[in-house]
Number of protein chains: 2
Amino acid sequence: MKDFSHLLSQVNGRVTASAIRELLKVIGVPGMISFAGGLPSPEMFPAEELGEIAQKVITSSPNKTLQYGCTEGAADFKAELIKLLKKDEDIEVSQDEMLIVSASQQGLDIVSKTFVDPGDAVIVAKPTYLGALQAFETYGADMIGVESDGFGIMAESLEERLEELKKAGRQCKFIYIVPDFQNPTGTTIPEERRVKILELAKKYDTIILEDSPYRKVRFKGEHQKTFYALDKGAGNVITMFTFSKTLAPGLRLGYVIGDKEIIRKFVILKQALDLCTSPACQSIAAEYLKRGNMDKHIAEMSKLYGKKRDIMISALRKYMPKGVSWTEPEGGLFLWVVMPENIDSEKMLKTAIKNNVAYVMGTAFYPDGSGKNAMRLNFSYSSFEEIDEGIRRLAKAITEYGK
Amino acid sequence: MKDFSHLLSQVNGRVTASAIRELLKVIGVPGMISFAGGLPSPEMFPAEELGEIAQKVITSSPNKTLQYGCTEGAADFKAELIKLLKKDEDIEVSQDEMLIVSASQQGLDIVSKTFVDPGDAVIVAKPTYLGALQAFETYGADMIGVESDGFGIMAESLEERLEELKKAGRQCKFIYIVPDFQNPTGTTIPEERRVKILELAKKYDTIILEDSPYRKVRFKGEHQKTFYALDKGAGNVITMFTFSKTLAPGLRLGYVIGDKEIIRKFVILKQALDLCTSPACQSIAAEYLKRGNMDKHIAEMSKLYGKKRDIMISALRKYMPKGVSWTEPEGGLFLWVVMPENIDSEKMLKTAIKNNVAYVMGTAFYPDGSGKNAMRLNFSYSSFEEIDEGIRRLAKAITEYGK
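Bear in mind the structure is a predicted one, so any value in this text is a computation, not a measurement.

Basis of the calculations
Residues numbered from 1 in each chain as written. Chains lettered and ligands numbered in written order. Predicted model: local features only at pLDDT ≥ 70, side-chain atom pairs only at ≥ 80, totals over all residues. Heavy atoms only, no water. Helix = DSSP H or I, 4+ residues; strand = E, 2+ residues; numbered from the N terminus. Rg over C-alpha atoms; globule rule 2.2 N^0.38 Å. Buried < 20%, exposed > 50% of the residue type's maximum accessible area, 1.4 Å probe, protein only. Contact = heavy atoms within 4.5 Å. Areas by Shrake-Rupley, 256 points an atom, 1.4 Å probe, with all protein chains shown as cover. Lys, Arg positive; Asp, Glu negative; His and termini not counted. Charge placed at Lys NZ, Arg CZ, Asp CG, Glu CD. Core = buried A, V, L, I, M, F, W, Y, C linked by side-chain atoms within 4.5 Å. Axes fitted to C-alpha atoms, helices over the stretch in contact; angles between N-to-C directions. Parallel < 35°, antiparallel > 145°, perpendicular 65-115°, else oblique. Nonpolar A, V, L, I, M, F, W, Y, C, P; charged D, E, K, R; others polar. Least-squares fit on C-alpha atoms with pLDDT ≥ 70 in both. Buried area = accessible area lost by both parts, 1.4 Å probe. Salt bridge = Lys/Arg side-chain N within 4 Å of Asp/Glu carboxyl O. Polar contact = N/O pair within 3.5 Å; in protein donor to acceptor, adjacent residues only side chain to side chain. Left-handed = near helix turned anticlockwise from the far one by under 90°. Pairing = 2+ DSSP bridges. Right-handed = clockwise from strand over helix to strand, strands pointing away.

### Examining the overall build of chain A
Moving on, step 1. Looking only at helices and strands, one finds 15 helices and 14 strands in chain A.
Moving on, step 2. In summary, chain A has a C-alpha radius of gyration of 21 Å against a globular reference of 22 Å for 403 residues, a match within 12%.
Moving on, step 3. Projected onto the principal axes, the alpha-carbon positions of chain A cover approximately 60 × 60 × 55 Å.
Moving on, step 4. With 403 residues in all, chain A has 66% of them scored as buried.
Moving on, step 5. Put simply, 74% of the contacts in chain A that link residues at least 6 apart link residues at least 24 apart.
Moving on, step 6. Within the structure as shown, chain A displays about 14,100 Å² of accessible surface, and the carbon and sulfur contribution to it stands at 51%.
Moving on, step 7. In chain A, the 53 positive side-chain charges and the 54 negative ones have mean positions that sit 3 Å from each other.

### With respect to the nonpolar core
Moving on, step 1. Counting 119 residues, the largest nonpolar core has Phe-77, Ile-175 and Phe-243 of chain A together with Ile-175 and Phe-243 of chain B as its most contacted members.
Moving on, step 2. Among residues more than four places away in sequence, those in contact with Ile-175 of chain B are Ile-123, Ile-153, Leu-158, Leu-162, Ala-201, Thr-206, Ile-207, Ile-208 and Leu-209 of chain B.

### Topic: the packing of helix α6 (residues 103-115) of chain A against helix α11 (residues 260-274) of chain B
Moving on, step 1. In the contact formed by α6 of chain A and α11 of chain B, the axes pass within 5 Å of each other and the chain directions differ by 95°. Here α6 of chain A lies roughly perpendicular to α11 of chain B, going by the angle between them. Only Gln-271, Ala-272, Leu-273 and Asp-274 of chain B of α11 of chain B make contact with α6 of chain A, whose side of the interface consists of Gln-105, Gln-106 and Asp-109 of chain A.
Moving on, step 2. Among the residues forming the contact of α6 of chain A with α11 of chain B, the class breakdown is 2 nonpolar, 3 polar and 2 charged.

### Considerations on the relation of the copies chain B and chain A
Moving on, step 1. Between chain B and chain A, the superposition needs a rotation of 180° and an axial shift of 0.0 Å, giving an RMSD of 0.0 Å. Accordingly, the operation relating the two chain copies is best matched by a two-fold axis. Ranked by how close their C-alpha atoms come to the rotation axis, the residues of chain B are headed by Gln-55 of chain B, at 2.7 Å.
Moving on, step 2. Both copies share a contact surface, since 100% of the interface residues of chain B are interface residues in chain A too.

### Digging into the interface of chain B and chain A
Moving on, step 1. Contacts between the two partners involve 90 residues from chain B, matched on the other side by 90 residues from chain A.
Moving on, step 2. Interface area for chain B against chain A, summed over the two sides, is near 7,400 Å², with a carbon-plus-sulfur share of 58%.
Moving on, step 3. Counting across the chain B and chain A interface gives 4 salt bridges.
Moving on, step 4. Of the charged contacts, one joins Lys-113 of chain B and Asp-109 of chain A as a salt bridge, the two residues approaching to 3.3 Å between their closest N and O atoms.
Moving on, step 5. At the junction of chain B and chain A, the tally comes to 41 residue pairs in polar contact (both at pLDDT 80 or more).
Moving on, step 6. Ranked by residue count, the leading element in the side of chain B that touches chain A is α11 of chain B, at 10 residues.

### Section: the packing of helix α5 (residues 75-89) of chain A against helix α12 (residues 279-290) of chain A
All names here are of chain A.
Moving on, step 1. Here α5 crosses α12 at 40°, and the two axes come no closer than 9 Å. By the angle class used here, α5 and α12 are oblique. Our pair here, α5 against α12, has a crossing hand that is left-handed. Together, Asp-76, Phe-77, Glu-80, Leu-81 and Leu-84 of α5 and Gln-282, Ala-285, Ala-286, Leu-289 and Lys-290 of α12 make up the contact between the two elements.

### What about the pattern of salt bridges?
All names here are of chain A.
Moving on, step 1. Following the criterion strictly, the structure yields 74 salt bridges over all chains and no others.
Moving on, step 2. Here Glu-92 makes a salt bridge to Lys-86, at a shortest N to O gap of 3.2 Å.
Moving on, step 3. Across the pair Asp-388 and Lys-318 runs a salt bridge whose closest N-O atoms are separated by 3.0 Å. Taken together, the residues Asp-388 in helix α15 (residues 384-402) and Lys-318 in helix α13 (residues 294-319) connect sequence positions 70 residues apart.
Moving on, step 4. Classification of Lys-318 as exposed rests on a relative accessible area of 54%.
Moving on, step 5. Several salt bridges share partner residues, and in doing so they unite Glu-49, Glu-52, Lys-56, Glu-287 and Arg-291 into one network.

### Topic: the pairing of strand β6 (residues 172-177) of chain A
All names here are of chain A.
Moving on, step 1. With respect to burial, β6 is a largely interior element, 6 of its 6 residues being buried.
Moving on, step 2. Pairing analysis gives 3 bridges linking strand β3 (residues 121-126) to β6, with the strands arranged parallel. Within the sheet, the bridge partner assigned to Ala-121 lies in β6 and is Cys-172.
Moving on, step 3. Of the pairings in the sheet, the one linking β6 to strand β7 (residues 207-211) comprises 4 bridges and is parallel in character. If you follow Ile-177 over to β7, its bridge partner there is Glu-210.
Moving on, step 4. You can see the chain leave β6, run along helix α9 (residues 191-203) and come back into β7, and the turn it takes is right-handed.

### As for the sheet that holds strand β3 (residues 121-126) of chain B
Residue and element names in this part refer to chain B.
Moving on, step 1. Taken in spatial order, the 8 strands of this open sheet run β2-β9-β8-β7-β6-β3-β4-β5, and their pairing is mixed. Of all the strands in the sheet, just β2 (98-101) and β5 (152-153) have a single pairing partner and so form its edges.
Moving on, step 2. Docked against the sheet, helix α5 (residues 75-89) engages β2, β8 (237-242) and β9 (254-257), running at close to 115° with respect to β2.

### Some points on the environment of Lys-78 of chain A
Residues and elements named next belong to chain A.
Moving on, step 1. With respect to the helices, strands and loops of the structure, Lys-78 is situated in helix α5.
Moving on, step 2. Sequence separation of Lys-78 and Ala-286 is 208 residues, and the distance between their C-alpha atoms is 8.2 Å.
Moving on, step 3. Setting aside chain neighbours within four positions, we find Lys-78 in contact with Glu-72, Gly-73, Gln-95, Met-98 and Ile-100.

### Considering the environment of Ala-352 of chain B
Residues and elements named next belong to chain B.
Moving on, step 1. With respect to the helices and strands, the residue Ala-352 is situated in helix α14 (residues 345-354).
Moving on, step 2. Judged by its relative accessible area of 0%, Ala-352 is buried.
Moving on, step 3. Taking the C-alpha atoms as reference points, Ala-352 and Gly-390, 38 residues apart in sequence, are found 9.8 Å from one another.
Moving on, step 4. Ala-352 has contacts with Val-357, Tyr-359 and Ala-397, leaving out every residue within four places of it along the chain.

### Observations regarding the sheet that holds strand β8 (residues 237-242) of chain A
Residue and element names in this part refer to chain A.
Moving on, step 1. Overall, mixed pairing links the 8 strands, which are arranged β2-β9-β8-β7-β6-β3-β4-β5 in an open sheet. A strand with exactly one partner marks an edge of an open sheet, and here the two such strands are β2 (98-101) and β5 (152-153).
Moving on, step 2. Where β7 lies against β8, 4 bridges are found, and the strand directions are parallel. From the neighbouring strand, Leu-209 faces β8, where its bridge partner is Ile-238.
Moving on, step 3. Where α6 meets the sheet, it contacts β2, β6, β7, β8 and β9 (254-257), and its direction lies at approximately 155° from that of β8.
Moving on, step 4. Of the strands in this sheet, β4 (142-149), β5, β6, β7 and β8 touch α9, which is tilted by about 140° from β7.

Structure follows, in structure tokens:
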């Protein structure tokens, strides 16, 4: 067998396979109830409409949908998104302040590539989205964790870390935040705290990378302004949105907004990454937006996910042994379970899978290996019955493992 | 205005915007005849069939086409590709020796990421595909150029460079080759020379990165075996194929084959890049392959491109001033024009665009700034009439500039 070790780059030593991507394979096992992935509910895909739209845009505009597109993204698709941001988010951006990406994960890659050299400091919440940790890791980022509470990343802890970095003569390249129904905890940062965090970013001359995959999927409570809207186009925030949770991950579509100087840098790097995001997929989403059904679709989705979240919380109350607690999110796809400290969720996974239920262990969401007694549960994918039964199995696994 | 300079990574200092991607914008100018892009002929898109297929796969399998897919690529799509490789290329690979990518440019990015640290030596032909140079550059590769003749990369020059590197105690990470109808020259490496080059890769313990975007688009002459087939699965070759030139670039689909240990490393890195390539697009291409129309489609395309190539060569003979020469490729999308040494094709571009004709300057394809008096012409995109008229304009521009 050929030995490749002398040919490999250093990145291979830094990255490991994503716990979630590996766990996704478990979903296919018959009888398994998986709370592991971040998959949208299958019944929410507007398949008939998207199929019809796909046929229409491909046959009527083959020179646009089947040909190469520009790296920046299709102008008509961006125009729809710009209208949407204005209407829903009080955000005004121009075409050159937006880049279409092959969903948010590519946004994370491009942002990392633009800002991070090996050893550079990047601030993340403890815990945070593991796909972000993975992207930052491939660029050798030194990920500095900031404490969170029930309302997301804590401003005091953030200021301490920023001050420490400053004293050490180090620059924080960016602060990565999922402000709404955070992945993995489900918590939302109140507007007041967002203002404080934005002030800190300015004070320490860094930027906020705002990742907002499903902020419109809210079941209760009030929308909080995005960091981008609060910054009013001053260049201190880059925000990533995606169609993966609100329409269909299978289209692989997202968009990033930011200062046009930065977007231009993203465009140049994306040229070398994949030339452009699929014009066929962009045209499908553009036509879907033009028809104006998005709001209704998201309202229905929010209602469904809200019901699933209620069922999961009821089941947790019904089945979980003493000493187990969980978050009760106002939106999104996930909640976070904390178990007694003697329980290691990574080791417990074997017991859970034996009981035909899966989750993601807490440590996957920490840059420092903490979170051992926690787990992330997804409530969007499974059916009502599966959620109840899955939580019952999970409680059983916790009890079995704890013995 | 916010200053971002203290936040940027080193890659921003290395890369510049792609000459081609920028030139693509010129295509839209009314009256412009562009030989610049590498765009397939618009009349060759099987739009009706792809539109119908898109509707069918999206409405009948939404949980596959609209949902997240596995990073490795859809198993049924890969199964079709594996059959195709066996039938057409005498290549036998298994599912875990193949990764679906978002077209070849992403393949180039993933390969670079897997093998290249800043300063690492990579060998390329002089000239070579500029998108590859751009990808390698983002990773800080030291690109070592090897001389080419009318039959591609020269084994003697390759051995000299490999020997020099060895003496300097440096490892060549890979040798990048476009063996069939090379981009930009249109030349094809004969099988005998391929065998020699493969022997050199083995001797110097490096690998060949074979990029084969349109090897089936052959108008005349005999197919030459791929490096991959010649290596018989021994792990010395990684090969990239794409649907961009043979079906539709708008789907952004390609596939990479190689040793399963290396493919596994690619998969882990792709997780952090974009999670997966669009399952919707994969399903469309899979269904197209299942229907068995690909061979006929490529035969028609080859016929059309062959005719376009003939028209371009006739026009070159008819219009070009003395001292201008060109390659006469047996397939593909490009030919290469060399002008007298006093003509700088980059500077001449202004004169050409004033005459409503565009091309890519030769320097874009060299790692060392040579190729000043050369240019790449694409013959697949323009109509028969445009090709004749465009070459007439180009000859006029050369004469005007030469004065």
